[in-house]
Amino acid sequence: MTAMEEYHSGSESSFHSEEADNIVKECIEGVVGNDDYSQSLVNKWTAGIVERCLTQLVKQGKPYKYIVTCAVMQKTGAGLHTANSCYWDTTMDGSSTVRWENRTMYCVVSVFAVAIA
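Here's a quick rundown of the structure. (Residues numbered from 1 in each chain as written. Predicted model: local features only at pLDDT ≥ 70, side-chain atom pairs only at ≥ 80, totals over all residues. Heavy atoms only, no water.)

1. Comments concerning the sheet that holds strand β1 (residues 64–74)
Part 1: If you trace the three strands from one edge of the open sheet to the other, you get β1-β3-β2, paired in antiparallel fashion. Two strands lie at the open edges of the sheet, namely β1 and β2 (94–101), each paired on one side alone. With strand direction ignored, the average angle separating the axes of adjacent strands in the sheet is 10°.
Part 2: Contacting β2 and β3 (105–115), helix α2 (residues 17–31) crosses the sheet at an angle of about 35° to β2.
Part 3: Against the sheet, helix α3 (residues 42–59) contacts β1 and β3, and its axis sits at roughly 155° relative to β1. (Pairing = 2+ DSSP bridges. Helix = DSSP H or I, 4+ residues; strand = E, 2+ residues; numbered from the N terminus. Axes fitted to C-alpha atoms, helices over the stretch in contact; angles between N-to-C directions. Contact = heavy atoms within 4.5 Å.)

2. Some details on the pairing of β3
Part 1: For β3, the tally of buried residues reaches nine of 11 residues, placing the bulk of the element in the interior.
Part 2: Examined bridge by bridge, β1 and β3 share 11 bridges and lie antiparallel to one another. Bridging from a neighbouring strand, Val68 pairs with Val111 of β3.
Part 3: As paired strands, β2 and β3 are joined by eight bridges and run antiparallel to one another. Paired with Ser96 across the bridge in β3 is Val111.
Part 4: Hairpin connection of β2 to β3: three residues between the antiparallel strands. (Buried < 20%, exposed > 50% of the residue type's maximum accessible area, 1.4 Å probe, protein only.)

3. Points about the packing of α2 against α3
Part 1: The interhelical angle for the contact between α2 and α3, taken along N-to-C directions, is 140°, at an axis separation of 9 Å. In terms of orientation, α2 lies oblique with respect to α3. You can see that α2 and α3 cross each other, and the crossing is right-handed. Of α3, the residues touching α2 (which contributes Ala20, Ile23, Val24, Cys27, Ile28, Gly30 and Val31) are Trp45, Gly48, Ile49, Arg52, Cys53, Gln56 and Leu57.
Part 2: When grouped by side-chain class, the residues that make up the contact of α2 with α3 number 10 nonpolar, three polar and one charged. (Parallel < 35°, antiparallel > 145°, perpendicular 65-115°, else oblique. Left-handed = near helix turned anticlockwise from the far one by under 90°. Nonpolar A, V, L, I, M, F, W, Y, C, P; charged D, E, K, R; others polar.)

4. So, the side chain of Thr46
Part 1: As for its position among the elements, Thr46 is in helix α3.
Part 2: The contact partners of Thr46, leaving out residues within four places of it in the chain, are Cys70 and Val72.

5. Some thoughts on the state of the cysteines
Part 1: Taken as a whole and assessed by the stated rule, the structure comprises zero disulfides.
Part 2: Unpaired in terms of disulfides, Cys53 finds its nearest cysteine sulfur in Cys27, a separation of 3.9 Å.
Part 3: Taking the relative accessible area as the measure of exposure, Cys53 reaches 0% and is therefore buried.
Part 4: No disulfide involves Cys70; its sulfur sits 3.8 Å from the nearest other cysteine sulfur, which is in Cys107. (Disulfide = S-S within 2.5 Å.)

Now the structure itself:
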């Protein structure tokens, strides 16, 4: 067994959506905090959230490539529907979607983790 096979054989390297959820929630709260929705800040918030999430995920040192998406929407009563579908190795790869809200906005962040072969 090669070193990489040993690394991939344990649960230590498998994707844990609960860990990703916690990282994403902390990043959203760190960037948006208690701010009210402001159209002029949305680009700054979304960029900050995805960058912070990527940084924290990579710091875990797991053998993954990550994709992070973020949508921020003002609470106006309008609907927001999202969906994703992935074709991958379900034993190693994974995804997580977090819906966060405060009194004036919704934030939906998705993380996709693809194991490095």
